[in-house]
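Structure at a glance
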Amino acid sequence: MAEPTATGRIEIGASPDRVYDLVSDPGKLAGLAEEYSGHSWLGGASSAAVGARFRGSNRRGPRRWSTIATITDADPGKRFAFDVTFLGLPISRWQYDIEQESADRCVVTESTWERRPGWLKLPTSTATGVWRRAEANRANIAATLARLKTAAELV
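Here we summarise the structure given alongside this text.

1. Some details on the packing of aromatic side chains
For the structure on display, the rule yields five aromatic pairs. On the basis of an interplanar angle of 55° and a centroid distance of 6.3 Å, the ring pair of Y36 and F54 is categorised as tilted. Placement of the pair is Y36 in strand β2 (residues 36-42) and F54 in strand β3 (residues 53-60), with a sequence separation of 18 residues. Since its relative accessible area comes to 12%, Y36 is described here as buried. You can call F54 buried: its relative accessible area is 3%. With centroids separated by 5.9 Å and ring planes inclined at 55°, the aromatic side chains of F80 and F82 adopt a geometry described as tilted. What makes F82 buried here is its relative accessible area of 8%. Of the aromatic side chains, those joined through ring pairs into one cluster are Y20, Y36, W41, F54, F80 and F82. Just above the ring of W113 sits the side chain of R93; from NZ or CZ to the centre is 5.9 Å.

2. What to know about the pairing of strand β5 (residues 79-86)
The two faces of a sheet get side chains in turn, since along a regular strand they alternate between them. As judged from the seven bridges shared by strand β4 (residues 63-75) and β5, these two strands associate in the antiparallel manner. The partner of I71 across the bridge, within β5, is F82. As consecutive antiparallel partners, β4 and β5 are separated by three residues, and within that stretch G77 has a phi angle of approximately 75°, a positive value. Pairing of β5 with strand β6 (residues 89-102) involves eight bridges; the strand directions are antiparallel. If you follow R79 over to β6, its bridge partner there is D97. Linking β5 back to β6 in an antiparallel pair, the connection comprises two residues, with L87 at a positive phi of about 55°.

3. Here we look at the sheet that holds β2
Spatial ordering of the open sheet is given by β1-β7-β6-β5-β4-β3-β2, a layout of seven strands whose pairing is antiparallel. Two strands in the sheet have a free side with no partner beyond their single neighbour: β1 (6-12) and β2. Across the sheet, the mean angle from the axis of one strand to that of its neighbour is 25°, orientation sign disregarded. As paired strands, β3 and β4 are joined by eight bridges and run antiparallel to one another. Bridge pairing in β4 links R60 to R63. In this fold helix α1 (residues 16-23) packs onto β1, β4, β5, β6 and β7 (105-114), with an angle of close to 160° to the strand it touches most, β6.

Conventions we followed
- Residues numbered from 1 in each chain as written.
- Predicted model: local features only at pLDDT ≥ 70, side-chain atom pairs only at ≥ 80, totals over all residues.
- Heavy atoms only, no water.
- Phe/Tyr/Trp six-rings, centres within 6.5 Å; stacked < 30°, edge-to-face > 60°.
- Helix = DSSP H or I, 4+ residues; strand = E, 2+ residues; numbered from the N terminus.
- Buried < 20%, exposed > 50% of the residue type's maximum accessible area, 1.4 Å probe, protein only.
- Lys NZ or Arg CZ within 6 Å of the ring centre and 35° of its normal.
- Pairing = 2+ DSSP bridges.
- Axes fitted to C-alpha atoms, helices over the stretch in contact; angles between N-to-C directions.
- Contact = heavy atoms within 4.5 Å.

Take a look at the structure:
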């Protein structure tokens, strides 16, 4: 897979399982993320598993949009990832890699890969209000990881 278009890392004073519990639950993740704001499971899914799908609600200021996410990786304590589409078209991939440093400490890397076809960038940028998606995602990742650290370390 090519290099991600945006990525960030943070050290967290919590177990990999605790962190995985937060990032692999779309409801909990919505409380930590910058643009992603909620979800509803699709096709009878009710928890994170490879192949499970959910509709993601997103917001940026007054702008609102939704996408479909399909979970591609669900390895407890290690990796959670999903591919995002809109009207069946590829948008992005989001991935959380968790590296254990000790029983109660880990490093989390959040990454995203831009997958929009070139012709789709103008309409989706207009809809979301984001013209420099990689730059916006780097800032979003930094904010999400900071919130993740705070939430994971509260025990």
